[in-house]
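Overview (structure and organization)
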There are 2 protein chains.
Amino acid sequence: MISTKGRYAIRLMVDLARQERERFTPLSEIAERQCISKLYLEIILKKLVAAKYIVGKSGKSGGYKLTKEPEKITVLEILELMEGTVAPVACLSKGAKSCPFRKKCSTIAMWTEYDKMTRDYFGKKTIADLV
Amino acid sequence: MISTKGRYAIRLMVDLARQERERFTPLSEIAERQCISKLYLEIILKKLVAAKYIVGKSGKSGGYKLTKEPEKITVLEILELMEGTVAPVACLSKGAKSCPFRKKCSTIAMWTEYDKMTRDYFGKKTIADLV
DNA sequence: ACAATTGCCGACTAATTTGATATACTTTCT
DNA sequence: AGAAAGTATATCAAATTAGTCGGCAATTGT
């Protein structure tokens with residue numbers, strides 16, 4: 001299940017996408033609109049800033065804004081950033097240690113197909129689609 | 001992400017489906033074949049027995065067997081039994097308290113569609129398909 | 001210049017889930 | 001009787017989740 005970090009991150013990006021493009025939107029404004037704790041949102045924003053999806057600006061009339069068009073940001077990217085992976089099972093996430101049982105595993109094909117479906121769905125969905 | 005409970009349960013069902021239909025297969029045999037701790041598998045089997053997917057028989061030449069044809073058991077059923085839900089987000093799982101933010105939520109439609117895809121995929125996949 | 005505003009950073013915590021393990025007991029067949 | 005098997009209950013350590021808190025740094029409107 002997608003955690004609040006991933007879910008909130010998407011809502012946050014959509015919220016920013018709805019604002020005037022060049023304006024810096026303060027966190028307190030977003031938090032209030034989205035009904036999410038400001039303190040908790042900070043953690044999420046920090047990651048998004050580090051990954052250069054948004055930029056922050058301190059001081060009066062500071063805030064956050066997107067660094068690129070919402071059309072060019074997929075939901076998959078954001079989810080992978082926040083959740084680490086969207087793989088349905090541990091053995092399909094990147095960096096997973098190879099499973100010695102894999103060759104005999106009766107279920108791996110099913111998980112692989114489902115993983116592909118998932119990546120396809122979220123990889124085609126952009127932030128702009130949700131605005 | 002699907003936990004080991006769900007994943008092991010499916011492998012276990014497939015393993016049983018591969019055995020002679022009326023024979024009781026002892027847990028130790030399954031555990032060895034599937035490389036899963038016998039003690040841990042017990043927890044999983046207990047749930048499957050309680051839900052009447054399999055029956056256990058004590059004593060010598062005892063073990064477990066399926067109660068119905070593998071063609072009639074979907075992966076979705078097993079996953080829901082073991083994981084509680086396959087919903088991608090909390091607000092779509094059954095028994096979730098209604099979200100006051102739902103009407104304004106920019107992402108609920110996406111999650112709902114993905115949830116439908118998921119239920120469709122696993123609802124059509126049966127244990128027999130994995131044998 | 002300065003005070004208010006806003007982001008940035010690291011640590012902390014409480015509750016829950018996960019992936020088991022251990023022990024004792026009951027049932028059944030030979 | 002005794003071995004082989006399932007049944008039941010309890011416990012546990014580690015990780016994850018969802019948040020909170022306090023303080024520092026940057027910026028700007030006046």
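Residues numbered from 1 in each chain as written. Chains lettered and ligands numbered in written order. Predicted model: local features only at pLDDT ≥ 70, side-chain atom pairs only at ≥ 80, totals over all residues.

What follows concerns the protein's contact with DNA strand C. For DNA strand C, the set of nearby residues contains 26 residues, the closest of which are A:Gly56, B:Ser3, B:Ser37, B:Ser58 and B:Gly59. Contributions of two or more residues to the surface near DNA strand C are made by α2 (27-34), α3 (38-50), β1 (54-57) and β2 (63-66) of chain A together with α1 (4-18) and α3 (38-50) of chain B. In terms of residue count, the dominant contributor to the surface near DNA strand C is α3(A) (4 residues). Looking at the surface near DNA strand C residue by residue, the classes come out as 8 nonpolar, 12 polar and 6 charged. (Near = placed C-beta within 6 Å. Helix = DSSP H or I, 4+ residues; strand = E, 2+ residues; numbered from the N terminus. Nonpolar A, V, L, I, M, F, W, Y, C, P; charged D, E, K, R; others polar.)

This part covers the pairing of β2(A). Residue and element names in this part refer to chain A. Here β1 runs beside β2; their pairing, made up of 4 bridges, is antiparallel. Across the sheet, the residue bridging to glycine 56 is tyrosine 64, located in β2. Hairpin remark: β1 followed by β2, antiparallel, with 5 residues in the connecting loop; positive phi at glycine 59, about 80°. (Pairing = 2+ DSSP bridges.)

What follows covers the relation of the copies chain A and chain B. In the superposition of chain A on chain B (RMSD 0.0 Å, axial shift 0.0 Å), the rotation amounts to 180°. Accordingly, the operation relating the two chain copies is best matched by a two-fold axis. Among all residues of chain A, the minimum C-alpha distance to the rotation axis is found for A:Met1, at 2.9 Å. (Least-squares fit on C-alpha atoms with pLDDT ≥ 70 in both.)

This next bit is on the packing of helix α5 (residues 108-124) of chain A against helix α5 (residues 108-124) of chain B. Their axes nearest at 11 Å, the elements α5(A) and α5(B) cross at an angle of 160°. When the axis of α5(A) is compared with that of α5(B), the two are roughly antiparallel. Here the hand of the crossing between α5(A) and α5(B) comes out right-handed. Facing A:Tyr114, A:Met117 and A:Tyr121 of α5(A), the residues of α5(B) in contact are B:Tyr114, B:Met117 and B:Tyr121. Taken together, the residues of the contact of α5(A) with α5(B) sort by class into 6 nonpolar, no polar and no charged. (Axes fitted to C-alpha atoms, helices over the stretch in contact; angles between N-to-C directions. Parallel < 35°, antiparallel > 145°, perpendicular 65-115°, else oblique. Left-handed = near helix turned anticlockwise from the far one by under 90°. Contact = placed C-beta atoms within 7 Å.)

Residues and elements named next belong to chain A. For the pair helix α4 (residues 75-83) and α5, interaxial distance at closest approach is 6 Å and the crossing angle is 115°. Residues Val75, Leu76 and Leu79 of α4 pack against Arg119, Phe122 and Gly123 of α5. For the contact of α4 with α5, the class distribution of residues is 4 nonpolar, 1 polar and 1 charged.

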